[in-house]
Amino acid sequence: MTKQQWAKDLAKSINPANIKLDESLQQYTMTKLGGKADVFVLPDTEEEAAFVIRYAYINNIPLLMLGNGSNMVVRDGGHRGIVVTFSNLDEIRINGEHVYAQSGALIKDVSKLSAKASLTGFEFACGIPGSIGGAMAMNAGAYGGEIKDIIISSKVLTKEGEILTLSKDELELGYRKSVIAKKGYYVLSSEFQLAPGEQGEIDAKIADLTFQRESKQPLEYPSAGSVFKRPPGHFAGKLIQDSGLQGKGVGGAEVSTKHAGFIVNKGNATASDYIATIQMVQRIVKEKFGIELETEVKIVGDDL
């Protein structure tokens with residue numbers, strides 16, 4: 001089947017305006033990198049989301065889930081298949097101490113709405129740029145908090161399009177890992193347990209974390225966020241800094257001079273530049289310290 005036929009079939013159950021052929025992925029990634037998707041789909045409902053997943057599975061079409069594009073590098077060749085994003089599934093509801101959020105809701109928005117409701121526990125996520133779906137898949141965390149501290153359950157789709165509800169234990173959340181990532185599930189929504197808090201303390205904590213993030217992270221340039229996982233007993237940024245790599249890079253990609261754990265797109269980088277810079281950092285840190293840095297970001301898509 002051709003990509004035109006895929007789009008025609010999908011349009012039977014999905015608004016044709018939400019189906020795009022040969023769509024550049026640069027506008028959907030935080031790095032502003034990446035080639036084109038054969039077919040790009042934005043479902044409006046969970047039923048439509050399940051339809052796309054099932055359609056790709058039944059027809060053996062390569063499927064790429066794109067969350068908020070904040071923890072991902074898409075290669076310059078884009079994706080030969082279907083790219084789906086759940087960014088239109090962005091409902092957030094607060095019921096007492098429970099917070100419900102769909103996959104496409106931004107985690108920082110959920111954090112801020114929770115704070116406005118005088119609920120504490122989600123402050124750590126006030127500056128994380130990803131979506132709830134991506135945050136669940138990698139058990140996102142920052143400043144001493146992480147998703148597994150507050151999660152109750154998640155509703156997910158299997159690769160076959162079956163809907164499951166997974167409890168906290170079934171989610172198998174660990175450091176930057178989960179059963180979602182392990183089994184290739186797609187998050188539809190999640191429910192969180194927070195606690196009543198004092199509004200002034202919540203606001204002060206969010207203000208402090210926002211200041212820390214803005215003063216230490218290179219937010220003025222496109223990037224995939226923190227590139228490497230924390231090696232046991234070390235900090236990736238410190239190892240990179242001590243290797244003298246800040247300001248170094250390939251092409252338009254550069255190890256940030258503000259935070260060594262970030263690689264930024266200075267404006268004319270390609271995905272190949274970005275990936276080559278990652279590999280350069282890994283090689284030099286291994287040579288100097290004997291430590292292998294493992295990427296936290298996902299590298300996906302096809303080469304040119």
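The rules we used
Residues numbered from 1 in each chain as written. Predicted model: local features only at pLDDT ≥ 70, side-chain atom pairs only at ≥ 80, totals over all residues. Heavy atoms only, no water. Core = buried A, V, L, I, M, F, W, Y, C linked by side-chain atoms within 4.5 Å. Buried < 20%, exposed > 50% of the residue type's maximum accessible area, 1.4 Å probe, protein only. Helix = DSSP H or I, 4+ residues; strand = E, 2+ residues; numbered from the N terminus. Contact = heavy atoms within 4.5 Å. Pairing = 2+ DSSP bridges. Axes fitted to C-alpha atoms, helices over the stretch in contact; angles between N-to-C directions. UniProt positions renumbered as here; feature names shortened; annotations may be inferred. Domains from an automatic or database assignment. Buried area = accessible area lost by both parts, 1.4 Å probe. Salt bridge = Lys/Arg side-chain N within 4 Å of Asp/Glu carboxyl O. Polar contact = N/O pair within 3.5 Å; in protein donor to acceptor, adjacent residues only side chain to side chain. Phe/Tyr/Trp six-rings, centres within 6.5 Å; stacked < 30°, edge-to-face > 60°.

Visitor: Requested: an account of the nonpolar core, with residues and values cited.
Guide: The biggest cluster of nonpolar side chains holds 28 residues, and the ones touching the most others in it are Ile 107, Phe 122, Ile 132, Met 136, Ile 147 and Phe 192. Ranked by residues supplied to this core, first place goes to helix H4 (residues 132-138) with four residues. Beyond its immediate stretch of four places on either side in the chain, Ile 147 contacts Ile 107, Phe 124, Ala 135, Met 136, Asn 139, Ala 140, Leu 173 and Phe 192. Counting residues in each nonpolar core, the second largest holds 25 residues, with Leu 33, Ile 240, Ala 260 and Ala 269 among its members.

Visitor: Break down the sheet that holds strand E16 (residues 253-255) for me, with residues and values.
Guide: In space, the three strands of this open sheet follow the order E15-E17-E16, with antiparallel pairing throughout. If you trace the sheet from one side to the other, it starts and ends with strand E15 (223-226) and E16, each paired once. Along the sheet, successive strands turn relative to each other by an average axial angle of 20 degrees, direction set aside. Judged from the three bridges that link them, E16 and strand E17 (residues 262-265) form a sheet pairing that is antiparallel. Looking at E17, one finds that Glu 254 is bridged to Val 264.

Visitor: Which residues make up the UniProt feature "active site" (unreviewed entry) in the protein chain, and what values go with them?
Guide: Look at the UniProt record and you will see "active site" (unreviewed entry) annotated at Arg 176, Ser 226 and Glu 296. The named residues occupy 121 residues along the chain; their greatest pairwise C-alpha distance, 11.8 Å, places them in one compact cluster. Examined against the element boundaries, Ser 226 turns out to sit in strand E15. Beyond its immediate chain neighbours, meaning those up to four positions away, Ser 226 contacts Asn 71, Gly 261, Phe 262, Glu 296 and Val 297. With respect to the helices and strands, the residue Glu 296 is situated in the loop between helix H9 (271-289) and strand E18 (298-300). Every residue in contact with Glu 296, bar those within four places of it in the chain, is listed here: Asn 71, Met 138, Tyr 175, Arg 176, Ser 226, Val 227, Phe 228 and Lys 229.

Visitor: Give me the lowdown on the environment of Gly 244, citing residues and values where you can.
Guide: Locating Gly 244 in the fold gives a position in the loop between helix H8 (236-242) and E16. Residues Gly 244 and Ile 284 lie 40 residues apart in sequence; the distance between their C-alpha atoms is 9.5 Å.

Visitor: Please give an account of unusual backbone geometry that cites residues and values.
Guide: The backbone of Ser 118 shows a phi angle near 60 degrees, a positive value even though the residue is not glycine. With respect to the helices, strands and loops of the structure, Ser 118 is situated in the loop between helix H3 (107-116) and strand E8 (119-120).

Visitor: Lay out the UniProt feature "domain: FAD-binding PCMH-type" (unreviewed entry) in the protein chain with the relevant residues and their values.
Guide: When the UniProt feature table is mapped onto this chain numbering, "domain: FAD-binding PCMH-type" (unreviewed entry) sits at residues 33-197. Taken end to end, residues 33-197 is 24% helix and 33% strand, and its two terminal C-alpha atoms sit 40 Å from one another.

Visitor: An account of the domain arrangement of the protein chain is requested, with residue identities and associated values reported.
Guide: Looking at the assigned domains, one finds that the protein chain contains domain 1 (1-82), domain 2 (90-212) and domain 3 (217-298). Taking both sides of the interface into account, the surface hidden between domain 1 and domain 3 amounts to around 1,000 Å²; carbon and sulfur atoms contribute 56%. Looking at the side of domain 1 facing domain 3, the largest losses of area belong to Leu 33, Asn 71 and Val 73, adding up to 48% of the total buried there. There are zero salt bridges connecting domain 1 and domain 3. The tally of links between domain 1 and domain 3 comes to seven residue pairs in polar contact (both at pLDDT 80 or more).

Visitor: With reference to specific residues and values, describe the packing of aromatic side chains.
Guide: Working definition: an aromatic ring pair is given by the centre-to-centre distance plus the angle between the planes. Per the counting criterion, the structure on display carries four aromatic pairs. For the ring pair Phe 122 and Phe 124, a centre distance of 5.9 Å and an interplane angle of 15 degrees mean the geometry is stacked. Across this residue pair, the class does not change: Phe 122 and Phe 124 are buried. Measuring from centroid to centroid gives 5.1 Å for Phe 122 and Phe 192, while their planes differ by 65 degrees, and the two rings are edge-to-face. Here Phe 122, found in the loop between E8 and H4, pairs with Phe 192, found in strand E13 (residues 186-193); they are 70 residues apart in sequence, far enough to count as distant. The same class applies to Phe 122 as to Phe 192, namely buried. Ring-pair connections join several aromatic residues into one group, and the members of that group are Phe 122, Phe 124 and Phe 192.

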